[in-house]
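Architecture and fold: a report
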Amino acid sequence: MNRAVWIGALVAGVLCAPALWRGELVGSAGAETFGHAWVLGWVADGWPAWSSGTDTAAGAANWPVIDALPTWLAAGFGRLIGVAGAWNLRVVAAIVVASVGGARLARAWGGNETFGAVATPLMPIFLGSITSGLSEDLAIGLLAFVLAWAMEGRWWRAALGVGALAGCGLYLGWMGGAGMAVLAVRQGWTAPRQVAARAGAVALAAALAVAVATPFASRLGTSTKAVAGVAEPHWRLNPWRGADVASFVAPGKEGVDGAALREHPAYLGVLTLGLAAAGGTPPGWLAVVACASVAPGASFSIAGVPTGVDNPAAALLHTLPGGDQFRNHARLMLLGQLLLVGLASRGVERLRRRWPAAAAAGALLVAGEVAIFSPARVPLPGTPVEAPPIYAALAEAPTGLPLRVVGSPNPQAPFFHQRAHGRILRNDPNRPDPGRPEVGREIVVGFGEARERLTEELGAPKVRAEEGAAWW
């Protein structure tokens, strides 16, 4: 495992060094990095209390944190090194743990640990989660450990792992619980005397996951409603609903041109598929195929074009407990790609017995394919932490007035930039629409085209600064 830690540190350095060198948050400014870093900030402000919301923004007083456990831990560091430093430390730690977990899963599956340590943190879907600021997906390494423990028959340890995993993110918790249950059923054929232990552990895992999910009960609701098919120009990244069928195998980088979107690249990789074919087992392949079958969501799209054909695998998923909660089914490839890497690690180990350099060669080739051909961004992008100059100009405004931001390029940016002025925000983090300005009772900040529109409606602003203007 020591080797896996060093490999993880090296991979984290390659992925994060440019953003860290620029003093930025690791993650894209066009997705949810701002929003999740904002949550880390107000949890840090109240630390060590277990924060369940903040009164510094509209609609956020009751805000159960989706990844409460790692956010709380990172918030402690935030009190020492600042929010940006704590965010980046969490990302780097997640990459290292992904390497260690990938090596552990490879060993449990009879695969090559070195390959697992390199390939797991470089999975395109995982890189997409980091790029998108989806911090609830970062605990992929713990998911690998849960699967490894279940494979080895360490059922109670796996059950506790599922509970912790749910505290890191409900999606990952569901995947860990589902994987554990499937492995328990499968091992029942070979070790029937341990049925009681397996059943008890699975029940404990379910109870822990439900307990963690309880605070989100009012926010959870079915997501199985069909969505009208529209063309998707960024289909390689699968920003909405599910995975485009072509995105599994189509290479190529995707220029997002500053678009505000999440990235869920489901690209499997020719080399990873080839190595998995060399070491795959029928049950392992069946699990990968199951994840890939469900990932397209309620209906299929190919190269961005909706086909209008319903996906029966997604309909089957929606009949399972919690299976109807997936907003973007492509996220199931967090599990699917992890299993594929496990299979590939077995293929590498078989090759290594004949060719000792196979582990290093396979790891380097897969890393090169991800960096050059996959839609995932390597190295990872960064988000500047400096607030727009207009916020510094608000020092002239009367104290105590709340603030409403209109026309921000990213609706989540005003929440992170709140730390620059410290005023209560009238913006609601759950609603991109900033609402109707009330100049008599609040400060209004406008950016871009909204600045010109507000000038026509409200008259000359009190202050201007680059792209922003403010009224009060």
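Our subject is the structure listed above.
Focus on the nonpolar core
Ranked by internal contacts, the top residues of the largest apolar core, which has 119 residues, are Ile 95, Phe 115, Ile 140, Leu 143, Met 175, Ile 390 and Val 445. In terms of residue count, the dominant contributor to this core is helix H3 (residues 68-108) (13 residues). In terms of nonpolar packing, the next biggest core, distinct from the first, is built from 6 residues, Val 444, Leu 454, Ala 469 and Trp 471 among them.

As for helix H9 (residues 195-213)
With 19 residues, H9 extends 27 Å from end C-alpha to end C-alpha; this agrees with the ideal 27 Å at 1.5 Å per step. If you check which residues of H9 are buried, you get Arg 198, Ala 201, Ala 205 and Ala 213. Taken down its axis, H9 places every buried residue within 105 degrees of arc, on the same side. Opposite the buried face of H9, at more than 90 degrees from it, the exposed residues are Ala 196 and Val 210. Elements in contact with the buried residues of H9: helix H7 (155-168) and helix H8 (170-187).

Here we look at a nonpolar patch on the surface
A cluster of nonpolar residues, Phe 77, Leu 80, Ile 81 and Leu 89, forms a patch on the protein surface that exposes about 410 Å² of accessible area. Relative to the elements of secondary structure, Leu 89 occurs in helix H3.

Structural notes on the sheet that holds strand S6 (residues 443-447)
On the basis of which strands lie adjacent, the open sheet formed by 4 strands has the order S5-S6-S8-S7 and mixed pairing. A single partner strand is all that each edge strand has here, and the edge strands are strand S5 (403-406) and strand S7 (463-465). Each strand of the sheet is rotated relative to its neighbour by a mean of 20 degrees, with strand direction disregarded. With 4 bridges joining them, S6 and strand S8 (residues 468-471) adopt antiparallel strand pairing. Each bridged residue has a counterpart across the sheet, and for Val 445 the counterpart in S8 is Ala 470. Of the strands in this sheet, S5, S6, S7 and S8 touch helix H17 (residues 448-458), which is tilted by about 135 degrees from S6.

Considerations on the packing of helix H6 (residues 140-151) against H7
The interhelical angle for the contact between H6 and H7, taken along N-to-C directions, is 160 degrees, at an axis separation of 8 Å. If you check the angle between H6 and H7, you find them roughly antiparallel. When you trace H6 past H7, the crossing you get is left-handed. Listed contacts from H7 to Leu 142, Leu 143, Val 146, Trp 149 and Ala 150 of H6 are Trp 155, Arg 157, Ala 158, Gly 161, Val 162, Ala 164, Leu 165 and Cys 168. Partitioned by chemical class, the residues of the contact of H6 with H7 number 11 nonpolar, 1 polar and 1 charged.

Brief notes about the packing of H6 against H8
Two numbers describe a pair of packed helices, the interaxial angle and the distance between the axes. Viewed as axis vectors pointing N to C, H6 and H8 meet at an angle of 15 degrees, and their least axial separation amounts to 9 Å. With respect to H8, the element H6 is oriented roughly parallel. As for the relative orientation of H6 and H8, their crossing is right-handed in sense. Of H8, the residues touching H6 (which contributes Ile 140, Leu 143, Val 146, Leu 147, Ala 150 and Met 151) are Leu 172, Met 175, Gly 176, Gly 179, Leu 183 and Gln 187. Looking at the contact of H6 with H8, its residues break down into 9 nonpolar, 3 polar and no charged.

Some words on empty space enclosed by the protein
Going through the model one piece at a time under the given rule, you end up with 3 cavities of 30 Å³ or more. Reported here for the largest cavity is a volume of approximately 110 Å³. Around the largest cavity, the lining is made up of 14 residues, and of these Met 123, Pro 124, Leu 268, Thr 272 and Val 341 lie nearest the centre. Counting residues per element, the ones that place at least two in the lining of the largest cavity are helix H13 (333-354) and helix H14 (358-372). Per-class residue counts for the lining of the largest cavity are 10 nonpolar, 3 polar and 1 charged.

With respect to the pairing of strand S2 (residues 299-302)
Both S2 and strand S3 (residues 305-310) contribute to a ladder of 3 bridges, which runs antiparallel. When the bridges of S3 are listed, Ser 301 appears paired with Pro 306. In sequence, S2 turns back onto S3 through a hairpin of 2 residues, with Ala 303 there showing a positive phi of about 50 degrees.

Here's the deal with unusual backbone geometry
The linkage connecting Trp 47 with the following residue, Pro 48, adopts the cis geometry, with an omega of 15 degrees. Turning to its location among the elements, Pro 48 is positioned in the loop between helix H2 (33-46) and H3. Omega for the peptide link from Val 378 to Pro 379 comes to -5 degrees, which places this bond in the cis form. Among the structural elements, Pro 379 can be located in the loop between H14 and strand S4 (382-383). For Arg 241, which is not glycine, the phi dihedral falls at a positive 65 degrees. Its place among the elements puts Arg 241 in the loop between H9 and helix H10 (270-279). The phi dihedral of Ala 303 falls on the positive side, at around 50 degrees, and the residue is not glycine. Position of Ala 303 among the secondary structure elements: in the loop between S2 and S3.

Quick word on the packing of aromatic side chains
Where two aromatic rings form a pair, the distance of their centres and the angle of their planes describe that pair. Counting across every chain of the model gives 10 aromatic pairs. Between Phe 145 and Trp 149, the aromatic rings sit 5.5 Å apart at their centres with planes inclined by 40 degrees, giving tilted as the arrangement. Of this pair, Phe 145 and Trp 149 are both found in helix H6, 4 residues apart, which corresponds to roughly one turn of the helix. There is no split in this pair, since Phe 145 and Trp 149 are both buried. Taken together, the ring pairs in this structure connect Trp 38, Trp 42, Trp 63 and Phe 415 into an aromatic cluster.

Cut-offs and rules
Starting from 1, residues in each chain are numbered consecutively following that chain's sequence as written. pLDDT decides what is reported in this predicted model: residues at 70 or higher carry local features, side-chain atom pairs at 80 or more are listed and counted, and totals for whole chains, interfaces and linings draw on all residues regardless. Where side-chain values are given, they derive from all heavy atoms of the structure, hydrogens and water being excluded. Side-chain atoms within 4.5 Å are what join buried Ala, Val, Leu, Ile, Met, Phe, Trp, Tyr and Cys residues into a set we call a nonpolar core. For every residue, the accessible area (1.4 Å probe, protein chains only) is compared with the maximum for its type, and the residue is labelled buried under 20%, exposed over 50%, or partly exposed between those bounds. Helical segments are the DSSP runs of H or I of at least four residues, strand segments are the runs of E of at least two, and each set is numbered from the N terminus. Residue count minus one, scaled by 1.5 Å, sets the expected span of a helix. By arc we mean the arc of the directions from the helix axis to the C-beta atoms, nothing more. Two residues qualify as a contact provided that any one of their heavy atoms is within 4.5 Å of a heavy atom in the partner residue. Each patch groups residues whose relative accessible area exceeds 30% and which form no salt bridge, using 9 Å between like charges and 5 Å between nonpolar side chains of Val, Leu, Ile, Met, Phe, Trp and Tyr. Under the convention used here, a 1.4 Å probe and the Shrake-Rupley method define accessible areas, while residue burial counts only the protein chains that appear. Salt bridge criterion: a side-chain nitrogen from Lys or Arg within 4 Å of a carboxyl oxygen from Asp or Glu. Pairing between strands is defined by DSSP: at least two bridges between them are needed. The angle between two axes is taken between their N-to-C directions and runs from 0 to 180 degrees, where each axis is a line fitted to C-alpha atoms and a helix contributes only its stretch in contact. Each angle is binned into one of four classes, with values under 35 degrees roughly parallel, values over 145 roughly antiparallel, values of 65 to 115 roughly perpendicular, and all other values oblique. Crossings are sorted by hand: turned counterclockwise from the far helix by less than a right angle, the near helix makes the crossing left-handed, and turned clockwise it makes it right-handed. Gly counts as polar in this scheme, as do all residues outside two lists: the nonpolar Ala, Val, Leu, Ile, Met, Phe, Trp, Tyr, Cys and Pro, and the charged Asp, Glu, Lys and Arg. Here a cavity means grid points, on a 1 Å grid over the protein atoms only, where a 1.4 Å probe fits yet cannot get out; a pocket means an open set of points with protein on both sides within 12 Å along at least five of seven lines; lining residues are those with an atom within 4 Å of a point. Grid points are joined across faces, edges and corners, and a volume is the space filled by probe spheres set on the points. Each pair of aromatic rings taken from Phe, Tyr and Trp, with Trp reduced to its six-membered ring, is defined by centres within 6.5 Å and is described as stacked if the planes are under 30 degrees apart, edge-to-face if over 60, and tilted in the remaining cases.

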